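Residues per chain, in single letters:
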Amino acid sequence: MKFDTPAGINPIDQEKVVGKPHPRIEGPLKTTGRAVYSYENQEAAPNAAYGYVVGSGIAKGRISSMDVREAKAAPGVLGIVTADNAGPIKKQGFYVAKPLAGPEIEHYHQAIALVVAETFEEARHAASLIRVDYARAQGAFDLAAARGGAKPHQRQPDIRIGDFEKAFASAPVKVDATYTTPDHSHMMLEPHATIARWEGDHLTIWSAQQIVGWARRDLGNKLSIPQDKIRVVATYIGGGFGGKGSVCSDAILAALGARAVGRAVKVALPRPLMPNNTTHRPATIQRVRLAAGRDGKLVAVGHETLSGNLPGGGPEIAAAQTQLLYAGANRLNLTRLATLDLPEGNAMRAPGEASGLMALEVAMDELAEKLGMDPVELRVINDTQVVPGDPGRGSPTDPQSASGNQGKPEQGPRPFSIRQFVPCLRTGAERFGWKERSLRPGSRREGRWLIGMGMASAIRGAPIIPAGGRVTLDGKGIVTVESNMTDMGTGSYTIIGQTVAEMMGLSLDRVVVKLADSNFPEAFGGGGQGGAASATAGAYAACVKLREAVAMKLGFNSADAEFVDGEVRAGNRRAPLGQAAKDGAITAEDRMEYGDLSKQFEQQTFGAHFCEVAVNAYTGEIRIRRMLAVCAAGRILNPITARSQVIGGMVGGAGAALMEELAVDKRFGFFVNHDLAGYEVPVHADIPHQEVIFLEETDPTMSPVKAKGVGELGISGVAPAIANSVYNATGVRVREYPITLDKHLAKLPEIV
Amino acid sequence: MKLEIETPRHLVDVQDLKLDRIEPTTDGGLRIGALVTNTALAADTRVRRDYGVLTRAIVAGASGQLRNKATTAGNLLQRTRCPYFYDPNMPCNKRKPGSGCAAIGGYSRQLAVIGSSDQCIATYPGDMAVAMRVLDAMVETVKADGTSRAIPIADFHRLPGEKPHLDNNLEAGELITAVTLPRPLGGTHHYEKVRDRASYAFALVSVAAVIQKDGSGRAAFGGVAHKPWRVEAADAVMTQGAAAVTARAFANARPTENNAFKIPLATRALAATIAEGKSA
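Thresholds applied
- Residues numbered from 1 in each chain as written.
- Chains lettered and ligands numbered in written order.
- Predicted model: local features only at pLDDT ≥ 70, side-chain atom pairs only at ≥ 80, totals over all residues.
- Heavy atoms only, no water.
- Helix = DSSP H or I, 4+ residues; strand = E, 2+ residues; numbered from the N terminus.
- Buried < 20%, exposed > 50% of the residue type's maximum accessible area, 1.4 Å probe, protein only.
- Contact = heavy atoms within 4.5 Å.
- Lys, Arg positive; Asp, Glu negative; His and termini not counted.
- Charge placed at Lys NZ, Arg CZ, Asp CG, Glu CD.
- Rg over C-alpha atoms; globule rule 2.2 N^0.38 Å.
- Areas by Shrake-Rupley, 256 points an atom, 1.4 Å probe, with all protein chains shown as cover.
- 1 Å grid on protein atoms, 1.4 Å probe; cavity = no way out; pocket = protein on both sides within 12 Å on 5 of 7 lines; lining within 4 Å.
- Points joined across faces, edges and corners; volume = space filled by probe spheres on them.
- Nonpolar A, V, L, I, M, F, W, Y, C, P; charged D, E, K, R; others polar.
- Pairing = 2+ DSSP bridges.
- Axes fitted to C-alpha atoms, helices over the stretch in contact; angles between N-to-C directions.
- Expected span 1.5 Å × (residues − 1).
- Salt bridge = Lys/Arg side-chain N within 4 Å of Asp/Glu carboxyl O.
- Phe/Tyr/Trp six-rings, centres within 6.5 Å; stacked < 30°, edge-to-face > 60°.
- Core = buried A, V, L, I, M, F, W, Y, C linked by side-chain atoms within 4.5 Å.
- Buried area = accessible area lost by both parts, 1.4 Å probe.
- Polar contact = N/O pair within 3.5 Å; in protein donor to acceptor, adjacent residues only side chain to side chain.

Trainee: Would you mind going over the overall build of chain A with me for this structure?
Mentor: Within chain A, the secondary structure is distributed over 16 helices and 30 strands. Taking the principal axes of its C-alpha atoms as reference, chain A extends roughly 80 × 75 × 55 Å. Relative to its 752 residues, chain A shows a buried fraction of 65%. Restricting the contact set of chain A to residue pairs at least 6 apart, pairs at least 24 apart contribute 82%. Considering chain A, the positive charge centre built from 82 side chains and the negative charge centre built from 80 side chains are found 1 Å apart.

Below is the structure:
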């Protein structure tokens, strides 16, 4: 099915099942421990051996010698995979760092061996017996120091509109500030984990993968295995946040280990290996320059961002969203990439926006203060319903999407498909009690606590990617839907089930949802907040075909047929849905393909975040009191799972604002705090109260389902809202994230 | 053990030694069995009434689940949280004597500001022992030869000096049997634990304090040294305020660039407890 004109009224608009707050259909399996995650799949591989990954002890250099004799002779050991015996591993795919190093080492904890043994403990112990001598090389580990060699990157070309420098220099009110964000680790609950099993030359992996199609592609390409001989299954995933975007060392090495020992092998990365072995959200140094007239209207908008990566890796495109959020005639937008020898930087929840808004939205707060203007009003008056400046660009905000920046020049400024940004701001201010905010920072105190309120805008791209689905009706009237879309706790099972139920006139319990198997139709996966919109549109397309097949089978004119309450109706006739399959199941498969609506319209999601914090006037400790998100993100397919996505994003934003930081040791070149004791993420006590409001919205330019993603909108803008509330509480502006107490302690009120 | 930093040949299960009782001592104190759980100790009505600082310190640490499993003796023997200690690729004199210290000159935000050596800047990470230090607890032990002794808590944990691989002064084969608390001190009891997140984190700085009505009192600090840190000469100037106390308690501090903030933070945290004591 080709979608190339905005959607009209269709069965989804009934919203009998879609849009309703259905608890997630696989929830009881998860809460009772019966949902089988990749590593636990005993049934798939009852005799699996255990693989233990050995990480490099240096960040850059070479392995000068590796002695595995003692390890090989250790009890229970079945085999050891190293670069010497693994065969060629090609360097292509979503991740650029090699999944198995040797002799060259690209980064700390890069895998150098997999020890396979009968038990986990035997594999782990044998791993400690491998003797490695390294020749260390000098590496670049300091982003600020690497700035001199930084270069532009094709993913995000420079933008210069009007005369930024002149407009900035001559404006009456301006902000010029530099902000830093540190490296972040995904730290999802389930580690990277895989069981690999070969049958002849066919390989199956049960693996924690957000995008099974990419996993299969990259596994095949890296190991030179034809894709049709690979099956990837990722039935349940315990979080990903972008860190499971494609195959990592666990999957590659499990496959190699299983081949080497002639038996299924399971590999999970130990927590302390994850931050340095896999990818992370790269640190940024961002300079934001904003200039406005006394009326608050922006006349110059400048955002420059610097990040680093391994050779071949991409930049964190933290300035991209700034081209879309506010009006302003003169613009400068530069993205620079330096070469570093730290572990690979790659996608983490809302890549680009999450970091970029941490700078831009604090700069807006600073500008509002200089103007003497309410921060909400400043944002309202700088709203725009068209993309400011160059009209011909494609969406710049979507590194995980296949669409990228392919926009061709067009005439006139490109409109947003729908932009309820101002309603988000207004609704949030009203519902949060924004008018109670103290106008003078540092002036509201309750006992030992300094109280502050802050807000920030949210924007995040709404990619939609071609996706398929297969639906099968049986004689009992049950419809089974299959798609290789994944569910990492996001709610995919439920919303795809709701989509099919709505289309086929069924209640949700009459739909069976099967996901995350590369044998099912390709449907992208979870990433870039593109999964929900894409996969439900694919299911829609398949259901349209099934409806036609059912109508034909029952002798209905398919244009007239209505699918309601388990029946097909037209005129005076009605028949149970299952009757169409009484002679055998009916299967329909289709794929939603897209025209150029995403080029005609800028498709984004919008929001506003509000926060109240208390800062301990003695110790400087920052504690969130309450948070509110207002989101405008297309049709909300399920308010329960959508809310869950947004509040999860808000927790991530709280971590980014207040505690999350991979500490770089610039001598040894690694992330030091590489476990969950050292890398702090928020705990329940940090998140006392969250509220989410979804504005009514459908976006007919997206798909017939008219939905967008929301999971990454939920984190975008949260951290700066918290930062601004801390400033409102203390009067001390901290521009280096995370905002920890040591950064403002000396400027807090004197103690008596 | 999961990281194979410790690879003991044998593990001895002591859980059935019946050391799980809290009993009054003849001189009006309390004797806490080595196997009393943190949960039971914190909840004991006598502890809550007479040694509030101990309850407050315990519940400020770990999580409910961990406190259900943690014991009095086990908690005293917590090892450092220095991240370099836990990474076997890194030099660490505590893990591998003579290998060097990667933390010095590295990421040391959590680490010691006082009492450290050129060999080691690790901290003792616990909360319970900081309260025991302010209460002048005694650690009772039995040795392999059957003799027993009582070690003042002040002498139980060590400073790293030249032997950072030794966390405490227990001898090989020596087992903790109990911790005794002297008679109650009166006053108001405070435990101020400062950390980046609200729970489930080790202290950047903690203060265990007992403050009397006349403003006198005593204070021990956690998160700053290789042992709970208390300087009795500093307690003597409690009535002059927090800054006077920490000026003495941290007189010979040698913080790193990463953790120099802990010293003013200790002052401010103590000031918070003094203010809390006044308003109580």
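Trainee: Can you walk me through the overall build of chain B in this structure?
Mentor: Looking only at helices and strands, one finds 10 helices and eight strands in chain B. Its C-alpha atoms give chain B a radius of gyration of 18 Å, near enough to 19 Å, the size a compact globule of 280 residues would have. Here the C-alpha coordinates of chain B stretch approximately 50 × 45 × 35 Å along the principal axes. Of the contacts formed within chain B by residues at least 6 apart in sequence, a portion of 61% connects residues at least 24 apart. For chain B, the computed accessible surface area is about 12,200 Å², with 51% contributed by carbon and sulfur atoms. Here chain B holds 35 positive side-chain charges and 27 negative ones, and the gap between their average locations is 3 Å.

Trainee: I tried to follow empty space enclosed by the protein on my own but got confused; where do I start?
Mentor: The probe, sized like a water molecule, is rolled over the atoms to show the empty space still left. Using the criterion set out here, one finds 11 cavities of 30 Å³ or more in the structure. Within this model, the largest cavity holds a volume of roughly 160 Å³. Residue lining of the largest cavity: 15 residues in total, with Ala97(A), Lys98(A), Pro99(A), Ser249(A) and Asn277(A) positioned closest to the centre. By residue class, the composition of the lining of the largest cavity is six nonpolar, six polar and three charged. Empty space within the second largest cavity amounts to approximately 90 Å³. In terms of lining, the second largest cavity is formed by 16 residues, of which the most central are Cys82(B), Cys92(B), Cys101(B), Ala103(B) and Cys120(B). When its residues are assigned to classes, the lining of the second largest cavity shows 11 nonpolar, four polar and one charged.

Trainee: What's the story with the environment of Gly100(B) in this structure? I'm lost.
Mentor: All names here are of chain B. The residue Gly-100 is located in the loop between helix H5 (72-76) and helix H6 (128-134) in this model. It is 8.8 Å that separates the C-alpha atoms of Gly-100 and Met-90, two residues lying 10 residues apart in sequence. Contact partners of Gly-100, with chain neighbours within four places excluded, come to Pro-91, Cys-92 and Asn-93.

Trainee: Any chance you could explain the sheet that holds strand E3 (residues 138-142) of chain B here in plain terms?
Mentor: Paired through their backbone hydrogen bonds, the strands of a sheet run either parallel or antiparallel. All names here are of chain B. Spatially, five strands are ordered E1-E2-E5-E3-E4 in an open sheet, and the strand pairing comes out antiparallel. Each edge of the open sheet carries a strand with a single partner, namely strand E1 (22-24) and strand E4 (148-152). With direction set aside, neighbouring strand axes in the sheet form an average angle of 25°. Where E1 and strand E2 (residues 30-33) come together, three bridges link them in antiparallel fashion. Along E2, the bridge assignment pairs Pro-24 with Leu-30.

Trainee: Honestly, helix H6 (residues 249-261) of chain A in this entry has me stumped. Any pointers?
Mentor: Residues lying three or four places apart along an α-helix face the same way, a consequence of the helix completing one turn every 3.6 residues. Residues and elements named next belong to chain A. Helix length check: H6 (13 residues) gives 17 Å between terminal C-alpha atoms against 18 Å at 1.5 Å per residue, within 8%. Across the 13 residues that make up H6, a large majority, 10, are buried. Looking only at H6, the buried set comprises Ser-249, Asp-250, Ala-251, Ile-252, Leu-253, Ala-254, Ala-255, Leu-256, Gly-257 and Ala-258. Gly-262 sits one or two positions beyond H6 and adopts a positive phi of about 70°.

Trainee: In this structure, what is going on with the pattern of salt bridges? I would like to understand it.
Mentor: Once the charged atoms of two side chains with opposite charge are near each other, the side chains can pair. Within this structure, the stated rule accounts for 68 salt bridges over all chains. Across the pair Asp142(A) and Lys666(A) runs a salt bridge, and its minimum N-O distance is 3.8 Å. With Asp142(A) in the loop between strand E7 (131-136) and strand E8 (159-161) and Lys666(A) in the loop between strand E28 (664-665) and strand E29 (670-671), the pair connects residues that are 524 residues apart, well separated along the chain. Accessibility expressed as a relative area gives 26% for Asp142(A), which makes it partly exposed. Measuring nitrogen to oxygen at the nearest pair gives 3.1 Å for the salt bridge that ties Arg254(B) to Asp118(B). Of this pair, Arg254(B) sits in the loop between helix H9 (242-249) and helix H10 (262-279) while Asp118(B) sits in the loop between H5 and H6, and the two are 136 residues apart along the sequence. Note on Arg254(B): relative accessible area 40%, which makes it partly exposed. With relative accessibility at 61%, the residue Asp118(B) sits in the exposed group. Connected via shared salt-bridge partners are Arg133(B), Asp136(B), Arg218(B), Arg230(B), Glu232(B) and Asp235(B).

Trainee: Help me understand the pairing of E3(B) in this model?
Mentor: In the case of a regular strand, side chains alternate between the two sheet surfaces. Residues and elements named next belong to chain B. Side chains of E3 alternate between two faces, with Val-139 and Thr-141 buried and Met-138, Glu-140 and Val-142 left unburied. Bridge count for E3 against E4 is five bridges, and the pairing is antiparallel. The partner of Met-138 across the bridge, within E4, is Pro-152. Sheet analysis places E3 next to strand E5 (residues 175-181), joined by five bridges and oriented antiparallel. From the neighbouring strand, Glu-140 faces E5, where its bridge partner is Ala-178.

Trainee: Quick question: what am I supposed to make of the sheet that holds strand E6 (residues 111-117) of chain A here?
Mentor: Residue and element names in this part refer to chain A. Spatially, E4-E6-E2-E13-E10-E11-E12 is the arrangement adopted by the seven strands of the open sheet, whose pairing is mixed. Of all the strands in the sheet, the pair left with one neighbour each is strand E4 (77-82) and strand E12 (230-233). Taking the axes of each pair of neighbouring strands and ignoring which way they run, one obtains an average angle of 20° across the sheet. Across six bridges, the pairing between strand E10 (residues 193-199) and strand E11 (residues 202-207) is antiparallel. Each residue of the ladder has a partner; that of Ala-196, found in E11, is Ile-205. Contacts from helix H3 (residues 120-127) reach strand E2 (49-55), E4 and E6 within the one sheet, and its direction differs from that of E2 by about 30°. Helix H5 (residues 212-223) rests against E11 and E12 of the sheet, and its axis sits at about 145° to E12.

Trainee: It is not clear to me how the packing of aromatic side chains should be interpreted in this structure. Could you clarify?
Mentor: Remark: the centre distance and the inter-plane angle together describe each pair of aromatic rings, the angle taken between the planes. All names here are of chain A. Evaluation of the coordinates by the stated rule reveals 17 aromatic pairs over all chains. When the centroid spacing of 5.7 Å and the interplanar angle of 70° are considered together, the rings of Trp-214 and Phe-524 count as edge-to-face. Of the two residues, Trp-214 is situated in helix H5 and Phe-524 in the loop between strand E21 (511-515) and helix H13 (531-554); the sequence distance between them amounts to 310 residues. Look at Trp-214 and you get buried, because its relative accessible area is 13%.

Trainee: Where do I start with the nonpolar core in this structure?
Mentor: Nonpolar side chains tend to gather and get buried jointly when the protein is soluble and globular. Counting 116 residues, the largest nonpolar core has Ile722(A) and Phe221(B) as its most contacted members. The element that contributes the greatest number of residues to this core is helix H9 (residues 353-371) of chain A, accounting for 10 residues. Excluding residues that lie within four positions of it along the chain, Phe221(B) makes contacts with Val130(B), Ser206(B), Val207(B), Lys227(B), Pro228(B), Trp229(B), Thr246(B), Ala249(B), Phe250(B), Ala266(B) and Leu270(B). Counting 99 residues, the second largest nonpolar core, distinct from the first, contains Ala35(A), Tyr236(A), Val247(A) and Ala537(A).

Trainee: How should the interface of chain B and chain A be read in this particular structure?
Mentor: A common way to state how big an interface is: give the accessible area lost once the parts meet. Contacts between the two partners involve 38 residues from chain B, matched on the other side by 38 residues from chain A. Between chain B and chain A the total buried area reaches about 3,000 Å² when both faces are included, carbon and sulfur atoms providing 55% of it. Our count for the chain B to chain A interface comes out at four salt bridges. In this structure, Glu276(B) engages Arg448(A) in a salt bridge whose closest nitrogen and oxygen atoms are separated by 3.5 Å. Sort the elements by how many residues they give to the side of chain B that touches chain A and H10(B) lands first, with nine residues. When its residues are assigned to classes, the side of chain B that touches chain A shows 21 nonpolar, five polar and 12 charged.

Trainee: It is not clear to me how the pairing of strand E7 (residues 205-211) of chain B should be interpreted in this structure. Could you clarify?
Mentor: Residue and element names in this part refer to chain B. Counting buried residues in E7 gives seven out of seven residues, a clear majority hidden from the surface. Of the two faces of E7, the one carrying Val-205, Val-207, Ala-209 and Ile-211 and the one carrying Ser-206, Ala-208 and Val-210 are both buried. Summarising the sheet, strand E6 (residues 188-194) and E7 pair through seven bridges and their orientation is antiparallel. Among the inter-strand pairings, Tyr-191 is bridged to a residue of E7, identified as Ala-208. Pairing of E7 with strand E8 (residues 217-222), which is carried by six bridges, proceeds in the antiparallel orientation. When the bridges of E8 are listed, Ala-209 appears paired with Ala-219.

Trainee: For this particular structure, what's the right way to read H13(A)?
Mentor: All names here are of chain A. Relative to the 34 Å expected for 24 residues at 1.5 Å per residue, H13 spans 34 Å between its end C-alpha atoms, a close match to the ideal helical length. With respect to burial, H13 is a largely interior element, 18 of its 24 residues being buried. Immediately beyond the C-terminal end of H13, within one or two residues, lies Gly-555, with a positive phi of roughly 80°.

Trainee: Would you mind going over the environment of Arg419(A) with me for this structure?
Mentor: Residue and element names in this part refer to chain A. Mapped onto the secondary structure, Arg-419 falls in the loop between helix H10 (375-381) and helix H11 (421-432). C-alpha of Arg-419 to C-alpha of Ala-633: the two residues are 214 residues apart in sequence and 9.2 Å apart in space. With near-sequence residues (within four places) excluded, Arg-419 lies in contact with Leu-324, Leu-325, Asp-383, Thr-384, Gln-385 and Phe-606. A polar contact of 2.8 Å, which involves the side chain of Arg-419, links it to the backbone oxygen of Thr-384.

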